[in-house]
Amino acid sequence: MAAVSAPSTYSAITLTVNGEQYSLPVDHRTTLLDALREHLDLTGTKKGCDQGQCGACTVLLDGRRAVSCLQLAVAAEGRSVTTIEGVADGDQLHPVQQAFLDLDGYQCGYCTPGQICSAIAVIEEHAAGWPSAATTDVRPETGPPPLTPDEIRERMSGNLCRCGAYVSIVQAVAEAAQATQTQTQGLGQRQADEAKEAAA
């Protein structure tokens, strides 16, 4: 009787991380966090609790925040992963990074990459009109609620800071949201001006 070979527990996958494609063989049980840190040497994403409770490993998956310790690497194939290493535009810091720097939104810095990735998604979710548990009026026609400290605290509640830099983190998210809104309005005005020039 011929021996039956056991199915392999490894797959060759291609991950798109920070706009670059990486092909690597991974055990099916490998988390996205471990693939990033151990296989791709992208150590900005931190391993905190390894149970999805602290948010230190937060990355952006197709623009949405995800705790990478609970995401299997094989399930991230075909999706766009953005880590802290990929949020800046060359030497130009992302507005959230700049705000954290300006307002001391960190102390030891261990949770900061996850905080920043989460804050980027929070600002986008808020701008898109997504309510939170702190939103008092959830009717779509009312638009995004004011991004108050209570709103920011609720939306960022999945990211823990053991140093307790929460006051500065809330201030940094608020400032980054304002900077992002100003940037978006400026871009929209430039596009409108260019369209007028093209039509003339």
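Residues numbered from 1 in each chain as written. Predicted model: local features only at pLDDT ≥ 70, side-chain atom pairs only at ≥ 80, totals over all residues. Heavy atoms only, no water.

A. Molecular detail of the overall build of the protein. A count of helical and extended segments in the protein gives five helices and five strands. Helices and strands in the protein line up, N terminus first, as β-β-α-β-β-β-α-α-α-α. Burial statistics for the protein: of 200 residues in total, 38% are counted as buried. Long-range contacts, defined here as pairs at least 24 residues apart, represent 53% of the contacts in the protein between residues at least 6 apart. Split by element, the accessible area of the protein, about 11,400 Å² in all, is 51% carbon and sulfur. (Helix = DSSP H or I, 4+ residues; strand = E, 2+ residues; numbered from the N terminus. Buried < 20%, exposed > 50% of the residue type's maximum accessible area, 1.4 Å probe, protein only. Contact = heavy atoms within 4.5 Å. Areas by Shrake-Rupley, 256 points an atom, 1.4 Å probe, with all protein chains shown as cover.)

B. Just the pattern of salt bridges, in detail. A complete count under the given rule lists nine salt bridges for this structure. Taking the shortest distance from any N to any O, the salt bridge between Arg139 and Asp137 comes out at 2.7 Å. Among the ionic pairs, Asp150 bridges to Arg153, the shortest N-O distance being 2.6 Å. Here Asp150 and its partner Arg153 are both found in helix α4 (residues 149–155), three residues apart, which amounts to about one turn of the helix. (Salt bridge = Lys/Arg side-chain N within 4 Å of Asp/Glu carboxyl O.)

C. Looking closely at the sheet that holds strand β1 (residues 10–17). Pairing is mixed across the open sheet formed by five strands, whose spatial order is β2-β1-β5-β3-β4. In this open sheet, the two edge strands, each paired with only one partner strand, are β2 (20–27) and β4 (64–67). Each neighbouring strand pair of the sheet contributes to a mean axis angle of 40 degrees, computed without reference to strand direction. The pairing of strand β3 (residues 58–61) with β4 spans four bridges and is classified as antiparallel. Following the sheet pairing, Leu61 is matched in β4 by Arg64. Helix α3 (residues 112–127) contacts β3, β4 and β5 (80–82) of the sheet and is inclined by roughly 40 degrees relative to β3. (Pairing = 2+ DSSP bridges. Axes fitted to C-alpha atoms, helices over the stretch in contact; angles between N-to-C directions.)

D. Quick peek at the side chain of Ser132. Within the secondary structure, Ser132 is located in the loop between α3 and α4. Exposure remark for Ser132: the relative accessible area of 16% places this residue in the buried category. Side-chain polar atoms of Ser132 contact the backbone nitrogen of Ala134, separated by 3.0 Å. Leave out the neighbours within four places in its chain, and Ser132 touches Glu151, Glu154 and Arg155. (Polar contact = N/O pair within 3.5 Å; in protein donor to acceptor, adjacent residues only side chain to side chain.)

E. Here's a closer look at the nonpolar core. Among the nonpolar cores identified, the biggest contains 24 residues, and Val96, Phe100, Met156, Ile169 and Val173 are the most heavily contacted of them. Looking at this core, the elements that each hand over two or more residues are α2 (95–102), α3 and α5 (166–199). Per-element accounting of this core gives the leading share, seven residues, to α3. What Met156 contacts, discounting residues up to four positions off in sequence, is Gln115, Ser118, Ala119, Val122, Ile169 and Val173. Core analysis: the second largest hydrophobic core is formed by 16 residues, Ala35, Leu36, Leu40 and Val81 among them. (Core = buried A, V, L, I, M, F, W, Y, C linked by side-chain atoms within 4.5 Å.)

F. Layout of the environment of Pro113. Residue placement: Pro113 occurs in helix α3. On the basis of relative accessibility, which here comes to 12%, the residue Pro113 falls in the buried class. As a C-alpha pair, Pro113 and Gln97 span 16 residues in sequence and 9.1 Å in three-dimensional space. When residues no more than four places from it in sequence are discounted, the contact partners of Pro113 are Gly44, Lys46, Thr58 and Ile84.

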